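Structural overview for review
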Amino acid sequence: TRSIPVPEAIADADGWLRARLQSLPSAEDQRDALRTQMASLASDKTTQQFMADVLGDDALPAHSRRLVLEAMSQASLSQTPVSWEKGLKWCLATGEEETLKAAVATVRALPVSKNATVDFSEALLSVANKEEFPHELRVEALAAITGGMREVGDDLFAFLTNRLGSEDPLLRLAAAGVLARARL
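Residues numbered from 1 in each chain as written. Predicted model: local features only at pLDDT ≥ 70, side-chain atom pairs only at ≥ 80, totals over all residues. Heavy atoms only, no water.

Considering the overall build of the chain
Of regular secondary structure, the chain possesses 10 helices and 0 strands. Its helices and strands in sequence order give the chain the pattern α-α-α-α-α-α-α-α-α-α, from N to C terminus. For the chain, with 184 residues in total, the buried portion stands at 45%. Summarising the internal contacts of the chain: among those between residues at least 6 apart in sequence, 63% fall at separations of at least 24. A total accessible area of about 9700 Å² is found for the chain, and carbon and sulfur atoms account for 49% of it. (Helix = DSSP H or I, 4+ residues; strand = E, 2+ residues; numbered from the N terminus. Buried < 20%, exposed > 50% of the residue type's maximum accessible area, 1.4 Å probe, protein only. Contact = heavy atoms within 4.5 Å. Areas by Shrake-Rupley, 256 points an atom, 1.4 Å probe, with all protein chains shown as cover.)

Right under this line is the structure:
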């Protein structure tokens, strides 16, 4: 495997990472290495801000934003950086399905502390309420709500209970998990 050279100083990382994201390597092992390197640098405030900025950068291809989302989900952090909130919410509001999937998975993977100031509940509920999205994505969005749904409207309750009869066992399990954690 070829490895991508890591910049000598984190201060130089932003330009280096942006250039790599602009022309994302086609080889999967190189993308994996870049994702891993970003995740390992994510404890640095400058890198956190860079990652947040990338999420809202329309000049970067969508697949580059998804790679950053995946790096965020792999970062070993004790608390979700506040700087990531705006970019993650922007990704959750996009209509691009692959970016939505990555954003929902990222929010679900991020650490939650008792003193958390970052809340994605409204953005996740918005995704779940859009009938044009696949059932799996909608259920995953509900599953990503920290602490479960505070209240379940009639439409979402009907949607979730209908998923309990799905032929897809993972979808059934996810829907059951959402209902079990919800305040009914």
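Structural notes on helix H9 (residues 154-163)
What H9 keeps buried is the set Leu156, Phe159, Leu160 and Arg163. Here the buried residues of H9 occupy an arc of 95 degrees about the axis, which is enough to place them on one side. (Arc of directions from axis to C-beta.)

Regarding the packing of helix H5 (residues 85-93) against helix H6 (residues 97-109)
Two elements in contact, H5 and H6, have axes separated by 8 Å at closest approach and are oriented at 135 degrees. Regarding the angle of H5 to H6, the classification is oblique. Two packed elements cross with a definite hand, and for H5 against H6 that hand is left-handed. Contacts between H5 and H6 involve Leu88, Cys91 and Leu92 from the former and Thr99, Leu100, Ala103, Val104, Thr106 and Val107 from the latter. Considering only residue class, the contact of H5 with H6 consists of 7 nonpolar, 2 polar and no charged. (Axes fitted to C-alpha atoms, helices over the stretch in contact; angles between N-to-C directions. Parallel < 35°, antiparallel > 145°, perpendicular 65-115°, else oblique. Left-handed = near helix turned anticlockwise from the far one by under 90°. Nonpolar A, V, L, I, M, F, W, Y, C, P; charged D, E, K, R; others polar.)

A few points about the pattern of salt bridges
Evaluation of the coordinates by the stated rule reveals 8 salt bridges. When the shortest N-O distance is used, the salt bridge between Lys101 and Glu97 registers 3.5 Å. Pair noted here: Lys101 and Glu97 are both in helix H6, with a separation of 4 residues, about one helical turn. Through salt bridges with shared partners, a single network forms among Asp32, Arg35 and Glu70. (Salt bridge = Lys/Arg side-chain N within 4 Å of Asp/Glu carboxyl O.)

Notes on helix H8 (residues 135-143)
Among the residues of H8, those classed as buried are Leu137, Arg138, Val139, Ala141, Leu142 and Ala143. Residues of H8 that are buried sit in contact with H6, helix H7 (121-128), H9 and helix H10 (169-181).

Here's the deal with a negative patch on the surface
A surface patch of negative charge is lined by Glu131, Glu132, Asp154 and Asp155. With respect to the secondary-structure elements, Glu131 resides in the loop between H7 and H8. For Glu131, a relative accessible area of 68% puts it in the exposed group. (Patch = residues over 30% accessible without salt bridge, like charges linked within 9 Å, V, L, I, M, F, W, Y side chains within 5 Å. Lys, Arg positive; Asp, Glu negative; His and termini not counted. Charge placed at Lys NZ, Arg CZ, Asp CG, Glu CD.)

Points about the environment of Pro111
Tracing the sequence through the fold places Pro111 in the loop between H6 and H7. Taking the C-alpha atoms as reference, Pro111 lies 5.8 Å from Thr80; in sequence the two are 31 residues apart.

Regarding the nonpolar core
One broad rule of soluble globular proteins: the nonpolar side chains tend to lie buried together. Judged by nonpolar contacts, the single largest core of 55 residues is most densely connected at Leu21 and Trp84. Beyond its immediate stretch of four places on either side in the chain, Trp84 contacts Ala42, Gln48, Met51, Ala52, Met72, Ala75, Leu77 and Leu110. (Core = buried A, V, L, I, M, F, W, Y, C linked by side-chain atoms within 4.5 Å.)

Section: the side chain of Thr94
Mapped onto the elements of the fold, Thr94 is located in the loop between H5 and H6. Its relative accessible area of 18% is what places Thr94 among the buried residues. When neighbours within four sequence positions are excluded, Thr94 is seen to be in contact with Thr99, Leu100 and Phe133.

What to know about the packing of H9 against H10
The geometry of H9 relative to H10 is characterised by a closest axis approach of 8 Å and an angle of 140 degrees between their N-to-C directions. When the interaxial angle is binned, H9 and H10 end up oblique. For the element pair H9 and H10, the recorded crossing hand is left-handed. For the pair formed by H9 and H10, the contact residues are Phe157, Leu160, Thr161 and Arg163 on the first element and Leu171, Arg172, Ala175, Val178 and Leu179 on the second. Class assignment for the residues of the contact of H9 with H10 results in 6 nonpolar, 1 polar and 2 charged.

Focus on the environment of Ala123
Structurally, Ala123 is set in helix H7. The spacing of Ala123 and Ala141 is 18 residues in sequence and 8.8 Å in space, taken between C-alpha atoms. In contact with Ala123, not counting residues within four places along its chain, are Lys89 and Leu92.

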